[in-house]
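# Secondary and tertiary structure notes
So the chains spell out like this:
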Amino acid sequence: MSRAPDPRVVTEAITPKGLRIRGLRKVFGEKVVVADFDLDVRPGELVSLLGPSGCGKTTTLRMVAGFLAADAGRIEIDGSDVVRLPPDRRPSAMVFQNYALWPHMSVFKNVAYPLKLRRLPKAEIERRVLGVLELVDLAHHRDSRPATISGGEQQRAALARALVQEPHVLLLDEPLSNLDSKLRVKVREDIRELQQRLGITTVLVTHDQDEALSMSDRVAVMNDGRIEQFSAPDELYDAPRTSFVANFVGQLNTLPGVVTGGRVAPRDGILTCVRPEHTTCVAPGSGDLDGIVRRVVPRGAFQEVVIDLDSSGDEPTGGSTTVRSMAVRPDVSPGQRVGLRLERPMSFRDGARVDSPAPTHTPGR
Ligand code: ATP
């Protein structure tokens, strides 16, 4: 080794740049997979694309990386449109879900690979690779093959291979899905810390709401190829603009009507939704609704109480509605009659929030 590894190599080389997407579209056969897709990611920001399987997250990310041709739209990095450039000519680098490391190459060679393709001088490659291995705490495994290191270490090797390219935009496709749940929490903290330290503009694809909420500056919730809401994590949770977002981010009790006079009364297709942690068990008759406890489910730090509401008789099915309450040791048992206090209710009609400003998606806000 000619020179000591210098983690500042990458830290200093990365200049935060913004990403701007307008009118992105992708159609596979008859199926419109991504449509009218606009997104602004500010320099140094981490934005997640969150949504259920098949909503078009990976397709969007692959178009940004250049692995998939867009049918329409612009993808601007640092103000220039890269939509027609091949992946290796774009100032972005991607970490794949399965890491895509070469099994026959050492960690060092895997990380060096993109620089070798660019025919960088050997000394420059060595300096950058050692710097980035130090940065992801993998210098001691420089000669190991991927199969001989842990899943978390393979993940870091894949991240190092992306960072060594000094990308202006880092693209992460479900980077934690192959790790067990404990390690996942640790690795997501590590990635977020490194991303903030480097100030690297990042887009993360995930279907895991915990991952999106805990790692991101802002989250774009996708449904059927479109963005339903683009907000900071707390706003997404506290002020969802559609019932899809409210349901996808966190749990929700849904009541078929408005709550009035101790019952749920149907009204103009309105649904009243309340989070389980805002649904509190109180003495019968002293809350907004009454019901009977069906089950108490231990969930570790808190308990989940499943309650069958008293049937109002007006409901179309005549059946009862089930709601959930989350609390620390709620002191109720199955069969017990309870009242329920509903705090911070939200109203939706045809999927849209009707007790707050109409849903709008403003890119870059
Ligand atoms: P997941 O979390 O399951 O990866 P996703 O949101 O990333 O889901 P995409 O992988 O972007 O979803 O896929 C969106 C839709 O496009 C799916 O219905 C998928 O079957 C379809 N699709 C993706 N790639 C192709 C392809 N090459 N040819 C045809 N259809 C495709």
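For clarity, every value in this text was computed on a predicted model and none was experimentally measured. Just so you know, the residues in each chain are numbered from 1, in the order the chain's sequence is written. Owing to the predicted nature of the model, reporting of local features is limited to residues with pLDDT of at least 70; listing and counting of side-chain atom pairs is limited to 80 or more, with chain, interface and lining totals taken over all residues. Calculation of side-chain values draws on the structure's entire complement of heavy atoms; hydrogens and water are dropped beforehand.

### Some details on the site of the ligand
- Taken together, Phe-28, Lys-31, Val-33, Pro-52, Ser-53, Gly-54, Cys-55, Gly-56, Lys-57, Thr-58, Thr-59 and Glu-174 make up the full set of residues near the ligand.
- Side-chain polar atom of Lys-31 to an oxygen atom of the ligand: 3.2 Å apart, as the coordinates give it.
- Distance and chemistry together define a polar contact, namely a pair of N or O atoms within 3.5 Å, with one atom able to donate a hydrogen and the other to accept it when in protein, and with adjacent residues in sequence counting only for side-chain atoms on both sides. Residue Ser-53 places a side-chain N or O atom 2.6 Å away from an oxygen atom belonging to the ligand.
- When the ligand is considered free in solution it has 630 Å² of accessible area, and contact with the protein chains removes 58% of it.
- Counting from the N terminus, the helices are DSSP H or I runs at least four residues long and the strands are E runs at least two residues long. With three residues, the top contributor of residues to the shell around the ligand is helix α2 (residues 57-65). Here a residue is considered near a molecule or strand provided that any single heavy atom belonging to it is located within 4 Å of it. Here, Shrake-Rupley sampling with a 1.4 Å probe gives the accessible areas, and only protein chains in the shown set may cover a residue.

### Quick notes on the sheet that holds strand β14 (residues 270-274)
- Read across the sheet, four strands follow the order β11-β14-β20-β21 without closing on themselves; strand pairing throughout is antiparallel. Every interior strand has two partners, whereas the edge strands, β11 (253-255) and β21 (352-353), have only one.
- In this description, strands pair whenever DSSP reports at least two bridges between them. Here strand β20 (residues 346-349) runs beside β21; their pairing, made up of two bridges, is antiparallel. Looking at β21, one finds that Arg-349 is bridged to Ala-352.

### Details of the sheet that holds strand β16 (residues 289-298)
- Pairing is antiparallel in the open sheet, where five strands are placed in the order β15-β19-β16-β17-β18. Only two strands of the sheet have a single partner each, and these edge strands are β15 (279-282) and β18 (322-327). Neighbour-to-neighbour, the strand axes of the sheet open up by a mean angle of 45 degrees, direction not taken into account.
- As defined by bridge partners, β15 adjoins strand β19 (residues 337-342) across four bridges and the pair is classed as antiparallel. Within the sheet, the bridge partner assigned to Thr-279 lies in β19 and is Leu-342. In this analysis an axis means a line fitted to C-alpha atoms, helices contributing only their contacting stretch, and an angle means the value between N-to-C directions, from 0 to 180 degrees.

Note that all results are geometric; they support no functional claim without further evidence.
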